[in-house]
Amino acid sequence: MRLDLMSWPEVDIYLKGRNDIVVPIGSTEQHGPNGLVGTDALCAEVIGRAVGEKAAAVVAPTISIGMAQHHLGFPGSMSLRPSTLLAVVRDVIASLAQQGFLRISFVNGHGGNIATVTAAFAEFYSETSFSAGRTATRVECRLRNWWEAPSVQTITSELFGDAEGMHATASEVSVTQFAFPNAIKRVDLDPEIAPTGVFTDAVSYCLAFPDGRIGSNPTLASPEAGARLVEAAASDLAVDHLKWIGRHEA
Ligand code: NI
């Protein structure tokens, strides 16, 4: 169920029976010459909504802009500073928690978000810890990276092996090709498999990875692979989600 397509009385009824919600979070940043700028947000949204369907859970609107400062050298990339993203995530949690959403699961599409989103959880927990101590209403937040789902990893290594890479990966480009077939880009890449290495800021990123990819060959991407990956990710994450809320409802 999409939260943005529900009325408040419908949300109220949901909250009388459950207290869980899925929040997709991604990024809007370059994904190499054939990847969409919205890849990380689109993957999180498609998979997050599929998790919501399988687990009959409410799904919040996607947080589409993440912490992507290192991508700002490429046109179209947008970033929140870590401090800004932390404040956004903290306020999203606080909004939902005061209404009774006590199990908040972020389905993440961008590795660069992990440290900041995890810090935002601690920031939110600190507010209640400092103000209410042991009497605080217990809220639990968690982050799940869709590409780390076990079934996703199996498919990825079977289809792409070492050409999967670390950024603008064959798997994430496949997911967007499945979800948005009209936006598929056909581009020759040179070298086929991008270099790997380290980076700090946008300047060092552009020097190390001139076309934006890290270690990947996303010309291997296909809509068919994307369909398999979405199903695999959603199945794994939905089972995981239901186990999580079952544990707390028991
Ligand atoms: Ni990505």
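Our structure is the block above this text.
Treat the numbers as computed from the prediction; the structure is a model and nothing was measured.

Draft legend 1. Here's a closer look at the overall build of the chain. When you go through the chain residue by residue, the secondary structure sums to eight helices and four strands. Counting from the amino terminus, helix and strand elements in the chain follow one another as α-β-α-β-α-β-α-β-α-α-α-α. A compact globule built from 250 residues should have a C-alpha radius of gyration of about 18 Å, and the chain, at 19 Å, falls within 12% of that. Expressed along its principal axes, the backbone C-alpha trace of the chain runs to roughly 60 × 35 × 30 Å. Each of the 250 residues in the chain was classed as buried or not, and the buried ones make up 48%. Look at the contacts in the chain between residues 6 or more apart in sequence, and 77% of them connect residues 24 or more apart. Roughly 11600 Å² of accessible area belongs to the chain as shown, and the carbon and sulfur atoms make up 57% of that amount. Within the chain, one finds 18 positive and 27 negative side-chain charges whose respective centroids are separated by 8 Å.

Draft legend 2. Structural context of the pattern of salt bridges. Scanning the model with the defined rule gives 12 salt bridges in all. For Asp-240, the salt bridge is made with Arg-142, and the minimal N-O distance between the two is 3.0 Å. Taken together, the residues span a long stretch of sequence, with Asp-240 in helix α8 (residues 223-249) and Arg-142 in strand β4 (residues 140-145) at a distance of 98 residues. Asp-240 sits in the partly exposed class, given a relative accessible area of 25%. Judged by relative accessible area, which is 8%, Arg-142 ranks as buried. A single salt-bridge network, built from bridges that share partners, covers Arg-90, Asp-91 and Glu-127.

Draft legend 3. Seen up close, the packing of aromatic side chains. Counting across every chain of the model gives eight aromatic pairs. Aromatic pair Phe-124 and Tyr-125: ring centres 6.4 Å apart, planes at 65°, arrangement edge-to-face.

Draft legend 4. Molecular detail of the coordination of the nickel ion. Protein ligation of the nickel ion involves His-31 (NE2), Asp-40 (OD) and Glu-172 (OE), the donor distances falling in the range 1.9 to 2.1 Å. We note that the donor set of the nickel ion lies within a single chain, spaced as H-x8-D-x131-E. Across this residue pair, the class does not change: His-31 and Asp-40 are buried.

Draft legend 5. Structural context of helix α3 (residues 82-97). For α3, which comprises 16 residues, the first-to-last C-alpha distance of 22 Å matches the rise-based estimate of 22 Å (1.5 Å per residue) to within 8%. Looking at α3, one finds that the buried residues are Leu-85, Leu-86, Val-89, Ile-93, Leu-96 and Ala-97. Projected down its long axis, α3 shows its buried positions confined to an angular sector of 105°, all on one face.

Draft legend 6. Spotlight on the nonpolar core. Membership of the largest hydrophobic core comes to 49 residues, with the highest contact counts inside it found for Val-89, Ile-104 and Phe-106. A per-element tally of this core places α8 first, with seven residues. Apart from residues lying up to four places away in sequence, Ile-104 is in contact with Ile-21, Val-23, Ile-93, Leu-96, Val-139, Glu-140, Cys-141, Arg-142 and Trp-244.

Draft legend 7. A look at the side chain of Glu-172. Checked against the element boundaries, Glu-172 lands in helix α6 (residues 170-179). Excluding residues that lie within four positions of it along the chain, Glu-172 makes contacts with His-31, Thr-39, Asp-40, Cys-43, Trp-146 and His-167.

The rules behind the values
Residues numbered from 1 in each chain as written. Predicted model: local features only at pLDDT ≥ 70, side-chain atom pairs only at ≥ 80, totals over all residues. Heavy atoms only, no water. Helix = DSSP H or I, 4+ residues; strand = E, 2+ residues; numbered from the N terminus. Rg over C-alpha atoms; globule rule 2.2 N^0.38 Å. Buried < 20%, exposed > 50% of the residue type's maximum accessible area, 1.4 Å probe, protein only. Contact = heavy atoms within 4.5 Å. Areas by Shrake-Rupley, 256 points an atom, 1.4 Å probe, with all protein chains shown as cover. Lys, Arg positive; Asp, Glu negative; His and termini not counted. Charge placed at Lys NZ, Arg CZ, Asp CG, Glu CD. Salt bridge = Lys/Arg side-chain N within 4 Å of Asp/Glu carboxyl O. Phe/Tyr/Trp six-rings, centres within 6.5 Å; stacked < 30°, edge-to-face > 60°. Donors = N, O, S within 2.8 Å, 3.2 Å for Na, K, Ca; no water. Expected span 1.5 Å × (residues − 1). Arc of directions from axis to C-beta. Core = buried A, V, L, I, M, F, W, Y, C linked by side-chain atoms within 4.5 Å.

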